Amino acid sequence: MNFKNVTVAGSGVLGYQIAFQTAFHGFKVTVYDINDEILNKAKAKFFELSECYKRDLNATQEQLDNAFNNLSYQSNLVEAVKDADLLIEAVPEDVSIKTDFYEKLKQVAPAKTVFATNTSTLLPSQFAEITGRPEKYVALHFANLIWVNNMAEIMGHAGTDPQVFDDLVEFAKAIGMLALPIYKEQPGHLLNSMLVPFLISATELWVKEVSEPATIDKAWMKSFGSPLGPFAILDIIGINTVYNVAKLNVDTNPNMAPLLEKLDAEFIKPGHLGMLAGKGFYSYPNPTYASEDFLKS
Ligand code: NAD
């Protein structure tokens, strides 16, 4: 793996985290976004993020200064990619935006540049041809709060060069991730392939009034010593996102319609949108599932 210069396209929720994590681990990182105003907002967010690195990782000021020195900003795509060994795409989860981005990128990126997409729900094969370099295209999927939830799923498509795949696995390790190689293209990668059906099963028990959310969580937590049950996880994901995912599945799963209705009436309309909103299935900052007594009665 000979990557030195990394460009991160998109400085939103995930992009700025990927950029900082990569710079923190010694790579030269160019942050690219559509205009300077958005890039200035990203710069401000990096300072907030550096406080999290201090708090959660005991990062020293010297380490953080080095990370900031490794970062540069560019709203001109030609300049942003001219030296890139690796480009990580974190533009919005929208097929037309990603397609348009790759159409422009392929005209200006050097031949050596490997492209990686952070898409959560789309597949690399959907964009491989549009990139103009299918053999150098792969998915590199991070989790939100990358510095503490430090895992990366690496997934090629049928035409990805195995060397490129291996290089991405090495790169993921080099930026402090637990690297999780995936050998076949799979919608939802590893985590969401397991998580989504699990959460849907839990919500079905609730919608059919088989039991209460807290009781369903207790069954899971007590049996596996797990710190979280499915409804605590739904609160962390955020009820809006849960609602949107349920909506996407409404045509294929008849159980989604009553779930949408219940979520809308009991959570969306009253603004109980989960952990960040202070209330969801549980109340925050001290949800009952985190108390010592939760599994005692
Ligand atoms: P976001 O909307 O927060 O950020 C997207 C950024 O891309 C914005 O800064 C926007 O200005 C920029 N952008 C828009 N068009 C662009 C273009 N043509 N060129 C460059 N930049 C452009 O989105 P996000 O939540 O960071 O998601 C980005 C990607 O990461 C998506 O593919 C998403 O599936 C994936 N992802 C998100 C999460 C999450 O928790 N949010 C987790 C894992 C993966």
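Procedures and definitions
- Residues numbered from 1 in each chain as written.
- Predicted model: local features only at pLDDT ≥ 70, side-chain atom pairs only at ≥ 80, totals over all residues.
- Heavy atoms only, no water.
- Helix = DSSP H or I, 4+ residues; strand = E, 2+ residues; numbered from the N terminus.
- Rg over C-alpha atoms; globule rule 2.2 N^0.38 Å.
- Contact = heavy atoms within 4.5 Å.
- Areas by Shrake-Rupley, 256 points an atom, 1.4 Å probe, with all protein chains shown as cover.
- Lys, Arg positive; Asp, Glu negative; His and termini not counted.
- Charge placed at Lys NZ, Arg CZ, Asp CG, Glu CD.
- Pairing = 2+ DSSP bridges.
- Axes fitted to C-alpha atoms, helices over the stretch in contact; angles between N-to-C directions.
- Buried < 20%, exposed > 50% of the residue type's maximum accessible area, 1.4 Å probe, protein only.
- Arc of directions from axis to C-beta.
- Near = heavy atom within 4 Å.
- Polar contact = N/O pair within 3.5 Å; in protein donor to acceptor, adjacent residues only side chain to side chain.
- Nonpolar A, V, L, I, M, F, W, Y, C, P; charged D, E, K, R; others polar.
- Salt bridge = Lys/Arg side-chain N within 4 Å of Asp/Glu carboxyl O.
- Parallel < 35°, antiparallel > 145°, perpendicular 65-115°, else oblique.
- Left-handed = near helix turned anticlockwise from the far one by under 90°.
- Domains from an automatic or database assignment.
- Core = buried A, V, L, I, M, F, W, Y, C linked by side-chain atoms within 4.5 Å.

1. Remarks on the overall build of the chain
Part 1 of the argument: Scanning the chain for helices and strands turns up 12 helices and 8 strands.
Part 2 of the argument: Radius of gyration (C-alpha) of the chain: 21 Å, near the 19 Å computed for a compact globule of 297 residues.
Part 3 of the argument: Taking the principal axes of the C-alpha coordinates as reference, the chain spans close to 60 × 45 × 35 Å.
Part 4 of the argument: Within the chain, contacts between residues separated by at least 24 positions form 65% of all contacts whose residues are at least 6 apart in sequence.
Part 5 of the argument: Total accessible area on the chain stands at roughly 14900 Å², and carbon and sulfur atoms take up 55% of it.
Part 6 of the argument: Averaging the locations of the 24 positively and 35 negatively charged side chains of the chain gives two centres separated by 2 Å.

2. Some remarks on the sheet that holds strand E8 (residues 178-182)
Part 1 of the argument: Strand order in the open sheet made by the 8 strands is E3-E2-E1-E4-E5-E6-E7-E8, with mixed pairing throughout. The two strands at the open ends of the sheet, each matched to only one other strand, are strand E3 (71-74) and E8. Strand-to-strand twist across the sheet, computed as the mean angle between neighbouring axes with direction ignored, equals 25°.
Part 2 of the argument: In the sheet, strand E5 (residues 114-117) pairs with strand E6 (residues 137-142) via 3 bridges, with the strands oriented parallel. Following the sheet pairing, Thr 117 is matched in E6 by Ala 139.

3. So, helix H11 (residues 239-248)
Part 1 of the argument: All of the buried residues in H11 are Ile 239, Val 242, Tyr 243 and Ala 246. An end-on view of H11 places all buried positions within 100° of arc, on one side of the element.
Part 2 of the argument: Elements in contact with the buried residues of H11: helix H10 (230-237) and helix H12 (256-268).

4. A closer look at the site of the ligand
Part 1 of the argument: Taken together, 23 residues form the shell around the ligand, and within it Leu 14, Asp 33, Glu 93, Lys 98 and Asn 118 come nearest.
Part 2 of the argument: At 3.3 Å from an oxygen atom of the ligand is found a main-chain nitrogen or oxygen belonging to Gly 12.
Part 3 of the argument: Residue Asn 118 places a side-chain N or O atom 2.9 Å away from an oxygen atom belonging to the ligand.
Part 4 of the argument: Relative to its free-state accessible area of 830 Å², the ligand is covered by the protein chains to the extent of 77%.
Part 5 of the argument: No other element matches the 3 residues that helix H5 (residues 95-108) contributes to the shell around the ligand.
Part 6 of the argument: In terms of residue class, the shell around the ligand is built from 11 nonpolar, 9 polar and 3 charged.

5. Description of the pattern of salt bridges
Working definition: two side chains of opposite charge can pair if their charged atoms are close together.
Part 1 of the argument: Per the stated rule, a full pass over the model turns up 11 salt bridges.
Part 2 of the argument: Note that Lys 104 and Asp 100 form a salt bridge whose closest N and O atoms lie 2.9 Å from each other. Of this pair, Lys 104 and Asp 100 both sit in helix H5, 4 residues apart, which is roughly one turn of that helix.
Part 3 of the argument: Taken together, the salt bridges that share partners define one network made up of Glu 89, Glu 93 and Lys 98.

6. Examining the packing of helix H1 (residues 15-24) against helix H2 (residues 36-57)
Part 1 of the argument: The N-to-C vectors of H1 and H2 enclose an angle of 60°; their axes lie 11 Å apart at closest approach. In this view, H1 runs oblique relative to H2, as classed from their interaxial angle. Considering how the two elements wind past one another, H1 and H2 form a crossing that is right-handed. Between H1, through Tyr 16, Gln 17, Ala 19, Phe 20, Gln 21 and Phe 24, and H2, the contact on the second element is made entirely by Lys 45, Phe 46, Leu 49, Ser 50 and Tyr 53.
Part 2 of the argument: Each residue belonging to the contact of H1 with H2 can be placed in one class, and the counts come to 7 nonpolar, 3 polar and 1 charged.

7. Considerations on the domain arrangement of the chain
Part 1 of the argument: With domains assigned, the chain is organised as domain 1 (5-182) and domain 2 (195-284).
Part 2 of the argument: Domain 1 and domain 2 are separated by 31 Å when their C-alpha centres are compared.

8. A word on the nonpolar core
Part 1 of the argument: Among the nonpolar cores identified, the biggest contains 44 residues, and Phe 46, Leu 86, Leu 140, Phe 142, Ile 154, Leu 168 and Phe 171 are the most heavily contacted of them.
Part 2 of the argument: Excluding residues that lie within four positions of it along the chain, Ile 154 makes contacts with Val 138, Ala 139, Leu 140, Phe 165, Leu 168, Val 169, Ala 172, Ala 179, Leu 180, Pro 181 and Ile 182.

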